[in-house]
Amino acid sequence: MPGKPLVNICFHGIGTPKRDLEPGEDAYWIGADQYLRILDEIATWPSVQISFDDGNASDIELGLPALLERELTADFFVLAGRLDTAGSLSSNDVRELRRHGMGIGTHGMWHRSWRGLSAARRFEEFVTARQRLAEASRTAVEIAACPLGRYDRRALNSLRTLGYRRVYTSDRRRARAGAWFQPRFSVRNQDTPENLRAEALTGPDLATRTRRRLAASIKRWR
């Protein structure tokens, strides 16, 4: 059964990108100093879980060392289609993350929306990508994060059927420890430790909370 409230914080890219970014992706790239300040802030929170999406090279170059310095762990959701390409994690990097006690999850194959996928694309995103990452990490891949925060009922049902232990989204609200469905707060380039604390710990007003829950419910049931 789901337990106490939990805050999931998700990072994407840190520092200067080493690959061409997709449209809108720059909004989720943050400076190295900004990352350290936010990491120091969330390290003081009573119940927080850290994750990284997309499998950028900055995960191993900047993300991991700061985690180790603070004795923190995180889950890294890697895009299988970008593995071993310029600006992204290599297979050796994925194993290095595992060696330091970090979790490895799938972010799918091609950073495409998981809404309205055909059967062939669901297989590629949920099965083929998982297999590729399991081979690279030399461990079972049992957690997934929805690219672009987009999903629908068919995607979630498929992930359950395939035995994924937990699925993460970007619905920007608090989660419950132990729940299969895990909303997260994605860190944006305009975020500060102060505004993240206010939003994630204090929470938005009732109208905003209600709107976000409704939006998530619509995504899960359409």
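Residues numbered from 1 in each chain as written. Predicted model: local features only at pLDDT ≥ 70, side-chain atom pairs only at ≥ 80, totals over all residues. Heavy atoms only, no water.

Below, the discussion takes up the layout of surface pockets. Roughly 480 Å³ of internal volume is contained in the largest pocket. Around the largest pocket, the lining comprises 25 residues; the ones closest to its centre are Tyr 28, Leu 148, Gly 149, Ser 170 and Ser 186. Counted by class, the lining of the largest pocket contains six nonpolar, eight polar and 11 charged residues. (1 Å grid on protein atoms, 1.4 Å probe; cavity = no way out; pocket = protein on both sides within 12 Å on 5 of 7 lines; lining within 4 Å. Points joined across faces, edges and corners; volume = space filled by probe spheres on them. Nonpolar A, V, L, I, M, F, W, Y, C, P; charged D, E, K, R; others polar.)

In this section: the nonpolar core. Phe 11, Tyr 35, Leu 39, Ile 50, Phe 52 and Leu 67 are the most contacted members of the largest nonpolar core, which totals 36 residues. Among the secondary structure elements, those contributing two or more residues to this core are strand E1 (5-11), helix H1 (32-42), strand E4 (48-54), helix H2 (58-69), strand E5 (75-78), helix H3 (91-99), helix H4 (119-137) and helix H6 (193-202). Leu 39 has contacts with Phe 11, Ile 50, Ala 66, Leu 67, Arg 70 and Leu 72, leaving out every residue within four places of it along the chain. Counting 13 residues, the second-largest nonpolar core is a separate cluster that includes Phe 126, Tyr 164, Trp 180 and Phe 181. (Core = buried A, V, L, I, M, F, W, Y, C linked by side-chain atoms within 4.5 Å. Buried < 20%, exposed > 50% of the residue type's maximum accessible area, 1.4 Å probe, protein only. Helix = DSSP H or I, 4+ residues; strand = E, 2+ residues; numbered from the N terminus. Contact = heavy atoms within 4.5 Å.)

Another point: the pattern of salt bridges. Enumeration over the complete set of coordinates arrives at 15 salt bridges. Between Arg 82 and Glu 22 there is a salt bridge whose closest N-O contact spans 2.7 Å. In this pair, Arg 82 sits in the loop between E5 and H3 while Glu 22 sits in the loop between strand E2 (13-14) and strand E3 (29-30), placing the two residues 60 residues apart along the sequence. Residues Arg 112 and Glu 125 are paired through a salt bridge, measuring 2.7 Å at the closest nitrogen-oxygen approach. Taken together, the positions of Arg 112 in the loop between strand E6 (103-106) and H4 and Glu 125 in helix H4 put the pair 13 residues apart, joining distant regions of the chain. On the accessibility criterion, Arg 112 (17% relative accessible area) is buried. If you follow the salt bridges from partner to partner, you end up with Arg 172, Arg 188, Asp 191 and Glu 199 in one network. (Salt bridge = Lys/Arg side-chain N within 4 Å of Asp/Glu carboxyl O.)

Most of E1 is tucked away: six of the seven residues are buried. Bridging between E1 and E4 involves five bridges; their strand directions are parallel. Looking at E4, one finds that Phe 11 is bridged to Phe 52. Pairing of E1 with strand E11 (residues 185-186) involves two bridges; the strand directions are parallel. The residue bridging Cys 10 from the neighbouring strand is Ser 186, located in E11. (Pairing = 2+ DSSP bridges.)

Attention now moves to H6. Listed in full, the buried residues belonging to H6 are Pro 193, Leu 196, Glu 199 and Ala 200. Mapping the buried residues of H6 onto a view down its axis gives an arc of 140 degrees, with all of them on the same face. (Arc of directions from axis to C-beta.)

Alternating residues of E6 divide into Gly 103 and Gly 105 and Ile 104 and Thr 106, and every residue in both groups is buried. Inspection of the sheet shows E5 paired to E6 by four bridges, in the parallel sense. By the bridge assignment for E6, Asp 75 is matched with Gly 103. Where the polypeptide runs from E5 across H3 and back to E6, its parallel neighbour, the crossover connection is right-handed. (Right-handed = clockwise from strand over helix to strand, strands pointing away.)

Counted under the stated rule, the structure contains seven aromatic pairs. Judged by centre distance (5.7 Å) and plane angle (70 degrees), the rings of Tyr 151 and Phe 181 are edge-to-face. With Tyr 151 in the loop between strand E7 (143-145) and helix H5 (153-161) and Phe 181 in strand E10 (residues 181-182), this residue pair connects regions lying 30 residues apart in the sequence. The exposure classification of Tyr 151 matches that of Phe 181, with both residues buried. Through pairs of rings, three or more aromatic residues link up here, namely Phe 11, Tyr 35, Phe 52 and Phe 76. (Phe/Tyr/Trp six-rings, centres within 6.5 Å; stacked < 30°, edge-to-face > 60°.)

Okay, the side chain of Arg 82 next. Assessed through its relative accessible area of 13%, Arg 82 is described here as buried. Those residues in contact with Arg 82 that lie beyond four places of it in its chain are Arg 19, Glu 22, Glu 25, Asp 54, Asn 56, Ser 88, Leu 89, Met 109 and His 111.

Here Asp 152 is to be found in the loop between E7 and H5. Between the C-alpha atoms of Asp 152 and Phe 52, which are 100 residues apart in sequence, the distance is 22 Å.

All chains considered together, the criterion is met by zero disulfides. The cysteine Cys 146 is free of any disulfide, with Cys 10 supplying the nearest cysteine sulfur at 11 Å. (Disulfide = S-S within 2.5 Å.)

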